[in-house]
Amino acid sequence: MNYSVCKRPNPIDKEKPNMYYATPIWSGMCGIDELAEEISLATTLTPADVKACIACFMQSIPKHLMAGQAVNCEGFGIFRLSFSVKEGHEKKEDVTAKDIEILRVLFRPCPKLKKQLEETKFAAR
């Protein structure tokens, strides 16, 4: 993976002087068509079959996340929802859904994926 070096503010302490940081350089975007083609070459499925499976997969994940379930894609990782709250309350009965501020999807890679990613080579550009 390539990276460039950029000068920017300290992300933790904005009062500190600007420093240089490594910044990833993305070499493009891999879309569903490209993934479907690669997967079809490794299986007996056609690219259209693979795309249909991926589409169903992408429809199913949000349904399970919104139901409060974590989604374990064995061999890849676990997706789950998390959120931030505006503030705490002294009384339990004062806590409501209106306190929930930011909803986000978290991903925890499985050990095998983590190990594979540890082998990433970095190069300055």
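Just so we're clear, the structure is a prediction, and the values are computed from it rather than from any experiment. Per chain, the residues get numbers from 1 upward, laid out in the order the sequence is written. This being a predicted model, a pLDDT of at least 70 is required before a residue's local features are given, and a value of 80 or more before pairs of side-chain atoms are given or counted; all residues contribute to the totals for chains, interfaces and linings. Values reported for side chains reflect all heavy atoms of the structure, with hydrogen atoms and water molecules removed beforehand.

Regarding helix α2 (residues 47-66)
- Its 20 residues give α2 an end-to-end C-alpha distance of 29 Å, which sits within 8% of 28 Å, the value for a rise of 1.5 Å per residue.
- To sort residues, take the accessible area from a 1.4 Å probe on protein chains only and compare it with the maximum for the residue type: under 20% means buried, over 50% means exposed, and anything in between is partly exposed. Note on conventions: DSSP H or I runs of at least 4 residues are helices, E runs of at least 2 residues are strands, and numbering of each starts at the N terminus. For α2, the full list of buried residues reads Val50, Ile54, Ile61 and Leu65. Down the axis of α2, the smallest arc covering the buried residues is 40 degrees, so these residues share one side. Structural note: α2 exposes Ala48, Gln59, Lys63 and Met66 on the side pointing more than 90 degrees away from its buried face.
- Residues count as neighbours in contact if any of their non-hydrogen atoms are within 4.5 Å of one another. On its buried face, α2 is in contact with α1 (32-42), β3 (71-73), β4 (77-85) and β5 (100-109). An expected span of 1.5 Å times one less than the residue number is assigned to each helix. Here the arc refers to the set of directions running from the helix axis out to each C-beta atom.

Description of the sheet that holds β3
- One bridge is not enough; two strands pair if DSSP finds at least two bridges between them. The strand order across the open sheet formed by 3 strands is β3-β4-β5, and the pairing between neighbours is antiparallel. Two strands close off the open sheet at either side, each with one partner strand: β3 and β5. Shown here is a sheet whose adjacent strand axes are inclined to one another by a mean of 25 degrees, direction ignored.
- The sheet contact formed by β4 and β5 spans 9 bridges and is antiparallel. Considered in β5, the bridge of Leu81 is made with Val105. For every element, the axis is a line fit to its C-alpha atoms; helices are fit only across the contacting stretch, and the angle between N-to-C directions ranges from 0 to 180 degrees.

Some thoughts on the nonpolar core
- Definition used in this section: a nonpolar core is a set of buried Ala, Val, Leu, Ile, Met, Phe, Trp, Tyr and Cys residues joined via side-chain atoms within 4.5 Å. Ranked by size, the top nonpolar core spans 5 residues in total: Ile61, Leu65, Val71, Cys73 and Phe79.
- The contacts of Phe79, once residues within four sequence positions are left out, are Leu65, Ala70, Val71, Cys73, Val105, Leu106 and Phe107.

A closer look at the sheet that holds strand β6 (residues 123-124)
- With respect to topology, 3 strands assemble into an open sheet ordered β2-β1-β6, the strand pairing being mixed. Looking at which strands have only one partner, the edges of the open sheet turn out to be β2 (19-25) and β6.
- The pairing of strand β1 (residues 2-8) with β6 spans 2 bridges and is classified as parallel. For Asn2, the partnering residue across the bridge sits in β6 and is Ala123.

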